[in-house]
Amino acid sequence: MDTLIINSNDKAGMKKAGDIIKSGGLVAFPTETVYGLGGDAFNPSSSKKIYAAKGRPSDNPLIVHIAELSALDRLSDSIPETLYKLADAFWPGPLTMIIKKLASVPDETTGGLDTVAIRMPHHPVALELIREGGGYIAAPSANASGRPSPTLASHVSEDLSGRIDMIIDGGEVGIGIESTIVDLSSDVPVILRPGYVTEKMLSRVLGHVETDPTLMKKTEGGRPKAPGMRYRHYAPKGDMQLFKGSISEVADAINRKLSASSRKCGVLCCNESKDLYHTGYVRSLGSRNDMDSVALNIYRALREFDDEGIEEIYAESFDTEGFGQAVMNRLLKAAGYNIINTEGTK
Ligand code: TXA
Ligand code: MG
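Reference entry: report on the structure contained in this document. (Residues numbered from 1 in each chain as written. Chains lettered and ligands numbered in written order. Predicted model: local features only at pLDDT ≥ 70, side-chain atom pairs only at ≥ 80, totals over all residues. Heavy atoms only, no water.)

### What to know about the sheet that holds strand β10 (residues 190–193)
The 11 strands lie next to each other as β1-β8-β2-β3-β7-β4-β6-β5-β9-β10-β11, forming an open sheet whose pairing is mixed. Of all the strands in the sheet, the pair left with one neighbour each is β1 (4–7) and β11 (210–211). Against the sheet, helix α6 (residues 153–160) makes contact with β1, β2 (27–29), β3 (36–40) and β8 (166–169), and its axis sits at roughly 165° relative to β8, the strand it touches most. (Pairing = 2+ DSSP bridges. Helix = DSSP H or I, 4+ residues; strand = E, 2+ residues; numbered from the N terminus. Contact = heavy atoms within 4.5 Å. Axes fitted to C-alpha atoms, helices over the stretch in contact; angles between N-to-C directions.)

### A short note on the environment of Met120
Looking at the secondary structure, you find Met120 in the loop between β6 (115–119) and α5 (124–132). Met120 gets classed as buried once you look at its relative accessible area, which sits at 8%. Residues Met120 and Ala67, spaced 53 residues apart in sequence, show a C-alpha to C-alpha distance of 5.6 Å. (Buried < 20%, exposed > 50% of the residue type's maximum accessible area, 1.4 Å probe, protein only.)

### Considering unusual backbone geometry
Cis geometry marks the peptide bond from Trp91 to Pro92, where omega comes out at -10°. Topologically, Pro92 is positioned in the loop between α3 (81–90) and β5 (95–100). The backbone phi angle of Tyr337 is positive, close to 60°, even though this residue is not glycine. Here Tyr337 shows up in the loop between α10 (324–334) and β16 (339–341).

### Digging into the site of ligand 1
Of all residues adjacent to ligand 1, which total 26 residues, the nearest are Thr33, Asn60, His65, Ser179 and Gly228. Between Asn60 and ligand 1, the recorded distance is 2.6 Å, taken from a side-chain N or O atom to an oxygen atom. Note that a nitrogen atom of ligand 1 is positioned 3.0 Å from one of the side-chain N or O atoms of Thr115. Taken by itself ligand 1 offers 680 Å² of open surface, and the protein chains cover 98% of this. Put simply, ligand 1 lies in the largest pocket. Counting residues per element, the ones that place at least two in the shell around ligand 1 are β4 (63–65), β6 and β10. Counting residues per element, the shell around ligand 1 draws most heavily on β6, which supplies three residues. (Near = heavy atom within 4 Å. Polar contact = N/O pair within 3.5 Å; in protein donor to acceptor, adjacent residues only side chain to side chain. Areas by Shrake-Rupley, 256 points an atom, 1.4 Å probe, with all protein chains shown as cover. 1 Å grid on protein atoms, 1.4 Å probe; cavity = no way out; pocket = protein on both sides within 12 Å on 5 of 7 lines; lining within 4 Å. Sits in = over half its atoms within 2 Å of the grid points.)

### A look at the packing of aromatic side chains
Taken as a whole and judged by the stated rule, the model has four aromatic pairs. Summarising the aromatic geometry, the rings of Tyr196 and Phe323 are spaced 4.9 Å apart at their centres and angled 80° between planes, so their arrangement reads as edge-to-face. Of this pair, Tyr196 sits in the loop between β10 and α7 (199–206) while Phe323 sits in the loop between β15 (312–316) and α10, and the two are 127 residues apart along the sequence. Overall, the relative accessible area of 10% leaves Phe323 in the buried class. (Phe/Tyr/Trp six-rings, centres within 6.5 Å; stacked < 30°, edge-to-face > 60°.)

Structure (structure tokens):
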């Protein structure tokens, strides 16, 4: 199949994109978090095509993207008050909410679960595509399964060209890591995936909110509630280790590893430390004082390491305050929870 690439300000192209969705095809599109791979959420065969194009296990449910609150009526008849409160505060935006679904929402879209994940994105191109495409777009991140999520249209074409009908190029995304997921289907709201909307921001609106305890550490027998968080996601091709400690302790430990290794090494660091490394492919994510820039660069940097053929990746850790929790969750997953503590070595 030929994959058509259009620019997001091509009006006729956007109409065509909507027609592709309505006739059961797949369109990748920008959102404020990462690029998504969209199909009609009410067409079971579109959802099947999404799994096939990504090479994703079909028990891993998709997020349904909507553009208006009134669209909720076709998804659920038991919408909790908490959803409206959070929608009021954070929609459109980088927050996905899970609620009980109506039987008419296809099992192919929800991985056979009795709940559905819903998000109203903030990106104007995403909202336009949802409206042109009939109002309900099922979309996972537009990467091949196991690769870092795409933050540029070129990342999507690297992974999915020839496997989907169209890619809408809307430039670089704004946030760079996927939405926060909160499960509202039981009594206490639980964060299943940290993101730009933090636990503190959610609890300001809802009062008590819990976080799935398996997200920040490898647990014996613990099983993340979001099926997608169970797979080793976001994995670069090289072996990755994360280092915890002060900047100078971490830089010393990484420099020792670099000297000892005969393989092709990469360092994932920050502006404050990048000059401390004397060898290897050194990639700064931005300043430690600007977590927004760090988040935006993570997946792009991991893809660059792959392109450079890096075999060992040494990465610095970041503070888990606020948005930092989501950043560290993605780094921990990329490293398979392989973390080395250098605290007290200097
Ligand atoms: O920012 C985002 O959320 C992006 C953009 C495209 O909107 N989408 C995204 O989708 O990250 P995906 O499929 O890569 O991640 C969705 C996650 C998976 O971990 C999946 O298991 C979980 O959401 N999920 C979806 N529906 C669920 C449900 N009903 N119960 C529990 N987890 C669910
Ligand atoms: Mg994904």
